[in-house]
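# Analysis of the macromolecular model
Chain by chain, the residues run as shown.
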Amino acid sequence: MGKQPQNSTDKTIQLFLPDAQSKQRFPDIGDLASRLRFSPSDGEIWLDDRRMVLLHNSSLASLRQELIETLGAEVARGILSRMGYLSGMRDADMVRRVRPNSSDFDAFAVGPQLHSLEGFVAVETIVMNVDVEKGHFYGEFIWRNSSEAEEHIAAYGIGNAPVCWMQQGYANGYVSSFLGRQVLVREVECKAMGHAECKVIGKPLEEWDDPDRDFRYLLAQDFVQSPRAKMFSFGQTRTAAESRNEKINLVGVSAGFNTVCHMIQRVAPTRATVLFLGESGVGKEQFARTLHNISDRAEQPFVAINCAAIPEQLIESELFGVEKGGFSGATKSRPGRFERANGGTLFLDEISTLTLFAQGKLLRVLQEGEIERIGDTHVRKVDVRVIAATNEDLRALVETNKFRADLFYRLNVFPVKIPPLRERKEDILLLVESFLNRYCAKHKRKVTGLTESAIEALMLYSWPGNIRELENIIERGVILAPEGGGIDIVHLFTSGEIIDTGHFKIDSKGTLRNTSIKSGAIEATTDRLPELLRESLSNGGISMDMLEGMAVDVAVELAKGNVSVAAKILGTTRARVAYRLSGKKVPHPPED
Ligand SMILES: [Zn+2]
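Residues numbered from 1 in each chain as written. Predicted model: local features only at pLDDT ≥ 70, side-chain atom pairs only at ≥ 80, totals over all residues. Heavy atoms only, no water.

### Here's the deal with the sheet that holds strand β3 (residues 44-47)
Note the threshold: Two strands pair if DSSP finds at least two bridges between them. In this description a helix means any DSSP run of H or I spanning at least four residues, a strand means any run of E spanning at least two, and both kinds are numbered starting from the N terminus. Inter-axis angles, ranging from 0 to 180 degrees, are taken between N-to-C directions of lines fitted to C-alpha atoms, where helices are fitted over the stretch in contact.
Spatially, β2-β3-β4 is the arrangement adopted by the 3 strands of the open sheet, whose pairing is antiparallel. Sheet topology places β2 (36-39) and β4 (50-52) at the edges, where each strand pairs with a single neighbour. Recorded for the sheet is a direction-independent mean angle of 30 degrees between the axes of neighbouring strands. In this sheet, β4 lies alongside β3 in antiparallel orientation, the contact comprising 3 bridges. Residue pairing for β4: tryptophan 46 is matched across the bridge by arginine 51.

Here it is as structure tokens:
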């Protein structure tokens, strides 16, 4: 890299555009618009492979108003921000398919252009400075004709705070997903404050002084933490509250994650037994810990035990304690986990592995609040809230008499299903950000973020090991990535994860190839070209003329409108390409 210092600056697009005349133009929107399809006979609208709906802005506005009136502006803002955030993330998925070989600026433009196409706002760039590889972003944009501001003004008049909440959420979701690191876009001027137009500024979360002022709206519950919220410099002393918060590892914005958060919020203040269900690695213990921390037992002990990790013959003494001489080798009395958790919460992970005998004793604690140490003659009262967890189907175990039915019904009072990571992929980048902070601090390393192909891989991978696997892979990436550089795919998936999943693989050139998801990328389709042709030709839906026209269109797109370059790609003459294009609207005037 030192050989060609020019190269690194070439990759950074720096645009400082003081007057409106010299605004950097977004590329032609045709490639995006052509992916919007109306199918009235099926009652469907599609944007690429995502189903859309066409809503009246006024009905969205009345929903917004009702949220504000019934829940208050703070809560309404959170809901709308998160809704926008998810749309922004979805639209970011399209970038690599639509503009795979474009400059960072043209690729980035997909978001603002889609946001305009979807009818929310017109975006103009004032300043933009993006380097995907270095994880660098600084942008200032003008939002014209904000639909949200217009409706807000109609309902509430001019106020003193920005109101384009859903749009700000969209921008946060889009830019963060595009860049692979958490970026905060903040609205600094708003039409609803009396400004001529709305204005936003975007930069990475940690470059803001008080990011949580806006970022907190992306988090559904107070106890969910922002990925940058718990940053400590070395040697800094921590308060007790901070240390406790550090144990909380809940990060996410997805619908599945929010549902779980709402449920634990609801059940925390009660005494009910809670049963967490979900695959291993989904974070059952983190949820249990959080439930404890937001309950009125927070100051009392939280004791966790993995029932599967303790030998069968020891589990009873471990849980219920033992009296001296209770069994051979028990040379002195000691309390079990139940007694140690007295007044607080006991978390029993992998509950299905308990022996039937231990299950009976557990049932007695839940029913009577009493335990009996092994070898003891009297019972002891305990006040313990039990949170159990399992990745097995307890009902099936009941049917095969491996699990007591009465205990099952007792535990199943409040079941909470935690979705696997592959069903809450919207949370991956937030989790990554949080793990990056943790492991960069732990291993004293500095990395700039993730490369585009690394993000793509994280999104496509099916995560059989869930969040635990993601955490391990990010830790590995932090260690393997070059100091001060970005984490690439080769730093993450080093032990055959990708190939094993069958969802996608890396070919000999190191290119990621998706084998299960439909991809519009030209590269991926080339291999399948003969097959696709056979399909199209046999249906009689395609002619030689159309084929040539399509090839020219794609080449011109790849060449960014430069006809000579397009001709070179096609291996034909400039005149022929120009002829094909005559009468058509050319996206960009040829530069030659
Ligand atoms: Zn605004």
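### Some points on the coordination of the zinc ion
This is how it is decided: Donors, by definition, are the N, O and S atoms found within 2.8 Å of a metal, the threshold being 3.2 Å for Na, K and Ca, and water is not counted, so a site can look incomplete. By the criteria applied here, four donors are tetrahedral when all angles lie between 85 and 135 degrees, four are square planar and six octahedral when opposite donors are over 155 degrees apart and every other angle lies between 65 and 115, and any other arrangement is irregular. The buried label applies to any residue whose accessible area, calculated with a 1.4 Å probe on protein chains only, is under 20% of its type's maximum; exposed applies above 50%, and partly exposed to all values in between.
Distances from the zinc ion to its protein donors, Cys164 (SG), Glu187 (OE), Cys190 (SG) and Cys198 (SG), fall within 1.9 to 2.3 Å. Geometry at the zinc ion is tetrahedral, judged from its 4 donor atoms and the angles of 102 to 120 degrees they form at the metal. Linear spacing of the donor residues for the zinc ion on their chain is C-x22-E-x2-C-x7-C. Here cysteine 190 and cysteine 198 have matching classes, each one buried.

### Some details on the packing of aromatic side chains
Our working definition: Each Phe, Tyr or Trp ring, with Trp reduced to its six-membered ring, pairs with another whose centre is within 6.5 Å; inter-plane angles below 30 degrees give stacked pairs, above 60 give edge-to-face pairs, and intermediate values give tilted ones.
Per the counting criterion, the structure on display carries 13 aromatic pairs. Arranged with centres 6.4 Å apart and planes meeting at 5 degrees, the rings of tyrosine 170 and tyrosine 174 form a pair that is stacked. Taken together, the residues tyrosine 170 and tyrosine 174, both in helix α8 (residues 165-179) and 4 residues apart, mark about one turn of the helix. With respect to burial, tyrosine 170 and tyrosine 174 carry one shared label: buried.

### Some words on a nonpolar patch on the surface
To keep things clear, this is the line we draw: Two joining distances apply to patches: 9 Å for like charges and 5 Å for nonpolar side chains (Val, Leu, Ile, Met, Phe, Trp, Tyr), and every residue must have over 30% relative accessible area and no salt bridge. Accessible areas in this description were obtained via Shrake-Rupley with a 1.4 Å probe; residue shielding takes into account the shown protein chains only. In the sections that follow, a salt bridge refers to a side-chain nitrogen of Lys or Arg positioned within 4 Å of a carboxyl oxygen of Asp or Glu.
Among the surface-exposed residues, Val554, Leu558, Val565, Ile569 and Leu570 lie close enough to one another that they form a single nonpolar patch of about 340 Å² accessible area. If you list the elements that add at least two residues to the nonpolar patch, you get α25 (544-558) and α26 (563-570). Among the elements that take part in the nonpolar patch, α26 stands out by supplying 3 residues, more than any other.

### A short note on helix α6 (residues 110-117)
Defined as follows: Here a residue-residue contact requires only that any non-hydrogen atoms of the pair lie within 4.5 Å.
Most of α6 sits out of view: 6 of its 8 residues are buried. If you follow the buried residues of α6, they end up packed against α2 (30-33), β3, α4 (73-98), α5 (104-108), β5 (122-131) and α8. Positioned one or two residues after α6, glycine 119 has a phi angle of 90 degrees, which is positive.

### A closer look at the nonpolar core
We apply this condition: Here, nonpolar core refers to any group of buried Ala, Val, Leu, Ile, Met, Phe, Trp, Tyr and Cys residues whose side-chain atoms link them within 4.5 Å.
In this structure, Phe108, Phe137, Trp143, Tyr174 and Phe178 are the most contacted members of the largest nonpolar core, which totals 43 residues. With 8 residues, the single largest contributor to this core is α8. In this structure, tyrosine 174 is in contact with Gly88, Met89, Asp91, Ala92, Val95, Ala107, Phe108, Val110, Gly111 and Pro112, ignoring residues within four places of it in sequence. Within the second largest apolar cluster, 40 residues are counted, among which are Trp208, Leu218, Ala457 and Ile467.

### With respect to the pattern of salt bridges
According to the stated counting rule, one finds 33 salt bridges in the structure shown. A salt bridge links aspartate 383 to arginine 297, with the nearest nitrogen and oxygen atoms 2.7 Å apart. With a gap of 86 residues between them, aspartate 383 in the loop between β13 (380-381) and β14 (385-390) and arginine 297 in the loop between α12 (284-293) and β10 (302-306) connect regions that are remote in the sequence. Accessibility expressed as a relative area gives 31% for aspartate 383, which makes it partly exposed. One salt bridge connects glutamate 318 with arginine 340, and the closest N-O pair in it is separated by 4.0 Å. Of this pair, glutamate 318 sits in helix α13 (residues 312-320) while arginine 340 sits in helix α14 (residues 337-340); the two residues are 22 residues apart in sequence, bridging distant segments of the chain. One network of salt bridges, with partners in common, ties together Arg77, Arg186, Asp210, Arg213 and Asp214.

### Description of the pairing of β14
For β14, the buried fraction is high: 6 of the 6 residues fall into the buried class. Residues Arg385, Ile387 and Ala389 line one face of β14 and the alternating positions Val386, Ala388 and Thr390 line the opposite face, and both faces are buried. Across 4 bridges, the pairing between strand β9 (residues 274-277) and β14 is parallel. Bridged to phenylalanine 276 within β14 is alanine 389.

### Some remarks on the packing of α25 against helix α27 (residues 574-581)
The line we're drawing: The scheme is simple: roughly parallel for angles under 35 degrees, roughly antiparallel for over 145, roughly perpendicular for 65 to 115, oblique for anything else. Each residue is assigned to one of three groups, with Ala, Val, Leu, Ile, Met, Phe, Trp, Tyr, Cys and Pro labelled nonpolar, Asp, Glu, Lys and Arg labelled charged, and all others, Gly among them, labelled polar.
Axis separation between α25 and α27 bottoms out at 10 Å; the angle between their running directions is 105 degrees. The pairing of α25 with α27 is recorded here as roughly perpendicular in orientation. Residue-level contacts link Asp545, Glu548, Gly549, Val552 and Val556 of α25 to Arg576, Val577, Arg580 and Leu581 of α27. Of the residues that constitute the contact of α25 with α27, the class distribution is 4 nonpolar, 1 polar and 4 charged.

### A word on the pairing of β9
Sheet topology note: the β9/strand β15 (residues 414-417) ladder contains 4 bridges and is parallel. In the strand pairing of β15, valine 274 is matched with phenylalanine 414.

### Some details on the sheet that holds strand β11 (residues 345-349)
Within the open sheet, the 5 strands sit side by side as β10-β11-β14-β9-β15. Their pairing is parallel. Bordering the open sheet on either side are β10 and β15, each of which pairs with just one other strand. Neighbour-to-neighbour, the strand axes of this sheet turn through a mean angle of 20 degrees, independent of strand direction. Alignment of β10 against β11, held across 5 bridges, turns out to be parallel. Residue pairing across strands places valine 303 opposite leucine 346, the latter belonging to β11. Along the sheet, α12 makes contact with β9, β10, β11 and β14, crossing β9 at roughly 155 degrees.

### Some details on the side chain of threonine 273
For threonine 273, the location among the structural elements is in the loop between α11 (255-267) and β9. Here threonine 273 falls in the buried class, since its relative accessible area comes to 11%. Sequence-distant contacts of threonine 273, that is, excluding residues within four places in its chain, are made with Leu366, Val386, Arg410, Leu411, Val413 and Phe414.

### Topic: unusual backbone geometry
In this model, asparagine 401 sits at a positive phi of 60 degrees, which is unusual for a non-glycine residue. Tracing the backbone through its elements, the reader meets asparagine 401 in the loop between α16 (394-399) and α17 (405-411). Despite not being glycine, asparagine 466 has its phi angle at roughly 60 degrees, a positive value. Relative to the helices and strands, asparagine 466 is located in helix α20 (residues 466-480).

### A closer look at the environment of leucine 36
One can find leucine 36 in strand β2. Given the relative accessible area of 27%, leucine 36 is considered partly exposed. Those residues within four positions of leucine 36 in sequence are excluded, and the remaining contacts are Ile45, Trp46, Leu47 and Leu117.

### Details of the packing of α26 against α27
How we decide: Helix crossings fall into two classes, left-handed where the near helix is turned counterclockwise from the far one by less than a right angle and right-handed where it is turned clockwise.
At a closest axis distance of 8 Å, the pairing of α26 and α27 adopts a crossing angle of 110 degrees. In terms of their interaxial angle, α26 and α27 are classed as roughly perpendicular. Classified by chirality, the crossing of α27 by α26 is right-handed. Between α26 and α27, the contacting residues are Val563, Ser564, Ala566, Ala567 and Leu570 on the first element and Arg574, Val577, Ala578 and Leu581 on the second. Partitioning the contact of α26 with α27 into residue classes produces 7 nonpolar, 1 polar and 1 charged.

By themselves these figures say nothing about function.
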